[in-house]
Amino acid sequence: MPAAFTADRFSVAPMVDVTTRSFRLMARVLSKRAMLYTEMIAADAIVHGKQHLIEFSDIELPLTLQLGGNDPQKMAAAAKTGAQMGYSAVNINAGCPSDKVQQGAFGAVLMKDIPLLCDIFQEMQGAVSIPVTVKTRIGVDNDDSWEFTLNLVQSLVAAGVKHIILHARKAWLSGLSPKENRTIPPLDYARVYKLKQLFPQVFFTINGGISNLEQCKPQLQAVDGVMLGRALIDNPYLLAAVDRNIFGSSAPQRSRAECWADFIELAASLRAQGVALHHFARHLLGFFSGVRGARAYRRFLSEHMTALGADERVLAQAFTLIEHPNT
Ligand SMILES: Cc1cc2nc3c(=O)[nH]c(=O)nc-3n(C[C@H](O)[C@H](O)[C@H](O)COP(=O)(O)O)c2cc1C
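The shown structure was predicted, so the numbers you read here are calculated from the model rather than taken from an experiment.

Enquirer: Help me out: how do you make sense of the pattern of salt bridges in this one?
Expert: In a structure, side chains of opposite charge can pair up when their charged atoms sit close to one another. Inspection of the entire model under this criterion finds 12 salt bridges. Arg191 is the partner of Asp188 in a salt bridge, and the nearest nitrogen-oxygen pair spans 3.4 Å. If you follow the salt bridges from partner to partner, you end up with Arg21, Arg24 and Glu60 in one network.

Enquirer: What is the right way to read the pairing of strand 4 (residues 89-94) from this model?
Expert: Looking along a regular strand, one sees side chains alternate from face to face of the sheet. Burial within strand 4 is extensive, with 6 of its 6 residues counted as buried. Residues Ala89, Asn91 and Asn93 of strand 4 are buried on one face, and the alternating residues Val90, Ile92 and Ala94, pointing to the opposite face, are buried as well. Pairing geometry for strand 3 (residues 63-68) and strand 4, over 4 bridges, is parallel. Residue pairing for strand 4: Gln66 is matched across the bridge by Asn91. Crossover connection from strand 3 via helix 3 (residues 72-85) to parallel strand 4: handedness right-handed. Alignment of strand 4 against strand 5 (residues 132-137), held across 5 bridges, turns out to be parallel. Paired with Val90 across the two strands is Val132, which belongs to strand 5.

Enquirer: It is not clear to me how the domain arrangement of the chain should be interpreted in this structure. Could you clarify?
Expert: A common way to state how big an interface is: give the accessible area lost once the parts meet. By the assigned domains, the chain splits into domain 1 (3-245) and domain 2 (256-319). A straight line from the C-alpha centre of domain 1 to that of domain 2 covers 29 Å. Summed over both partners, the interface of domain 1 with domain 2 comes to about 1,200 Å²; 67% of that surface belongs to carbon and sulfur atoms. On the domain 1 side of the contact with domain 2, Ser22, Val29 and Tyr237 bury the most area, a combined 42% of that side's loss. Summed over the shared surface of domain 1 and domain 2, the number is 1 salt bridge. Ionic pairing is found between Asp17 and Arg282, a salt bridge with its closest N-O pair at 3.9 Å. Where domain 1 touches domain 2, the interface holds 5 residue pairs in polar contact (both at pLDDT 80 or more). The set of elements that each furnish at least two residues to the side of domain 1 that touches domain 2 consists of helix 1 (21-30) and helix 9 (230-234).

Cut-off values and rules
Residues numbered from 1 in each chain as written. Predicted model: local features only at pLDDT ≥ 70, side-chain atom pairs only at ≥ 80, totals over all residues. Heavy atoms only, no water. Salt bridge = Lys/Arg side-chain N within 4 Å of Asp/Glu carboxyl O. Buried < 20%, exposed > 50% of the residue type's maximum accessible area, 1.4 Å probe, protein only. Helix = DSSP H or I, 4+ residues; strand = E, 2+ residues; numbered from the N terminus. Pairing = 2+ DSSP bridges. Right-handed = clockwise from strand over helix to strand, strands pointing away. Domains from an automatic or database assignment. Buried area = accessible area lost by both parts, 1.4 Å probe. Polar contact = N/O pair within 3.5 Å; in protein donor to acceptor, adjacent residues only side chain to side chain.

This is how it looks when you write it as structure tokens:
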């Protein structure tokens, strides 16, 4: 595996309004090795000087900046800014089907103009020395045949793309909401496996519907990397096993209670920087998923975290509702 992609063996999917800085700091308490992503950021915003949107701290590394846009020059300029700031990689969003993204003619729409997608990639990769990667799907609307996916991947590879993240279902651009577009089109993992066999030199990350670490193991025998999204919203503690189970780290897995002490510290330090408790605490709603007391904990936390002046004492109180926090 090329050294540049080591962390990509396990990545946390880019998710708007989820993978914010506070989420990523929470994730780093749990895994030092996983590749993290920003939310999708419009290249336009960066080009127009809103660099504060992509600030991060070194502790969040390895970290990939995901960009949305369809103008090769602007995408390249935004990538350059990201590279100068120290991001590990830059990713092109070519899979998001939301209305807003469609109006801007990027995201999944880029699958309808593969030459443009390749131009964007080449302009960006020409501007930076960190990897530029592409996150896309296996098809869009009625362009969902094996031949379509093959041509998409073949074109990207010919353009020089070395890492492709495939959400293993197609996107419907009209009639389905983004949420439905993550459940209704069927998953086709076998198609991704076949692509890996045809292009063994390319790093393929598979994404879509993976709900725990046991399911990652067989995937990693067929492809190079796995990317999980919603499973980590529902149960972020899954990340605590990643360094050991996926990356072979010898450090023992930390219990939820051990991680919790770090979260209290983190919440206090974020509050000192003016970040309201709920921006951080909302990422912890699923942290005790499957543990006795989790429902009461979740209810307490959601009721109290948004109160004016709420601080880490709310976290400490919520924690007392968990019966066996050392699991
Ligand atoms: C709330 C939410 C926001 C998302 N935002 C983005 C995004 O900004 N960029 C992107 O490429 N995909 C986005 N996605 C899609 C995920 O990255 C991922 O491809 C998808 O959820 C499938 O993976 P999963 O089944 O593991 O959740 C989002 C998904 C969710 C649930």
